[in-house]
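Chain by chain, the residues:
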Amino acid sequence: MTIAVRPLTGDELAGALAPLAQLRIAVFAAFPYLYDGDAAYETDYLREFAAAPDAVLVAAFDGTVIVGAATAAPMVHQKSEFRDPFVARGIDAARLFYFGESVLLPQYRGRGVGHAFFDHREAQARRCGAAAACFAAVIRPADHRARPADYAPLDPFWVRRGYAPVPGLVTQLGWKDQGDADETMKPMQYWMREW
């Protein structure tokens, strides 16, 4: 099977928002995010993200079906929850590109799609004059009740891509976990790569 990875623009992007929302919900339901998502919220989130100046939304296709997606946009266009930890540390948000989600259905993993997602997003960041790229990853305890026995963190992949966690640079985001009645705040560790 051949998987094509490319940025979405214009009408194609607009038409892909609903399937992308469903994809995010499906992938983020698994550990470590355990996200109990809402399609309307997700569609609005993606529409807002894609509307940011210089944003890119990259999709992976199996034929005509979207099986994965990744987003990126200048940090200055992100919500304050994402920007504020950098500003508090004296890091200029105007020089950063923020990588949002990178989601891929499990059966398509291990085929280079993750690298393609990073390649496209890093290329966009450089085209836009960013000096660094960053993303946030949820922190879950090693003994979390929902952690699968075969869970493998993505940390080694990110390190091979040149990213490293920034000590002490953590933000808090809230969502409702699968099986929970209410939303709770989760710590999100920032990773960054400069070039």
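Anything mentioned here points back to the structure above.
A brief look at the structure comes next. Since the model is a prediction, treat every value here as computed from it, not as a measurement.

**Comments concerning unusual backbone geometry**
Following Phe-31, the chain continues to Pro-32 via a peptide bond in cis, the omega torsion being 15°. Tracing the backbone shows Pro-32 in the loop between α1 (10-28) and α2 (39-51). Backbone geometry places Leu-34, a non-glycine residue, at a positive phi of 55°. Here Leu-34 lies in the loop between α1 and α2. Although it is not a glycine, Asp-54 adopts a positive phi angle of roughly 70°. Looking at the element boundaries, Asp-54 is found in the loop between α2 and β2 (56-62). You can call Asp-54 partly exposed: its relative accessible area is 44%.

**Things to note about the nonpolar core**
Among the nonpolar cores identified, the biggest contains 63 residues, and Leu-8, Leu-20, Met-75 and Phe-86 are the most heavily contacted of them. It is α1 that provides the largest number of residues to this core, a total of eight residues. Phe-86 has contacts with Met-75, Ile-91, Leu-96, Cys-134, Leu-169, Tyr-190 and Met-192, leaving out every residue within four places of it along the chain.

**A closer look at the pairing of β2**
Most of β2 sits out of view: six of its seven residues are buried. Alignment of strand β1 (residues 3-8) against β2, held across six bridges, turns out to be antiparallel. Residue pairing across strands places Arg-6 opposite Ala-59, the latter belonging to β2. Judged from the seven bridges that link them, β2 and strand β3 (residues 65-74) form a sheet pairing that is antiparallel. Directly across from Phe-61, in β3, lies its bridge partner Ile-66. Counting the residues that bridge the hairpin from β2 to β3 gives two residues, and of these Gly-63 lies at a positive phi of roughly 70°.

Cut-offs and rules
Residues numbered from 1 in each chain as written. Predicted model: local features only at pLDDT ≥ 70, side-chain atom pairs only at ≥ 80, totals over all residues. Heavy atoms only, no water. Helix = DSSP H or I, 4+ residues; strand = E, 2+ residues; numbered from the N terminus. Buried < 20%, exposed > 50% of the residue type's maximum accessible area, 1.4 Å probe, protein only. Core = buried A, V, L, I, M, F, W, Y, C linked by side-chain atoms within 4.5 Å. Contact = heavy atoms within 4.5 Å. Pairing = 2+ DSSP bridges.

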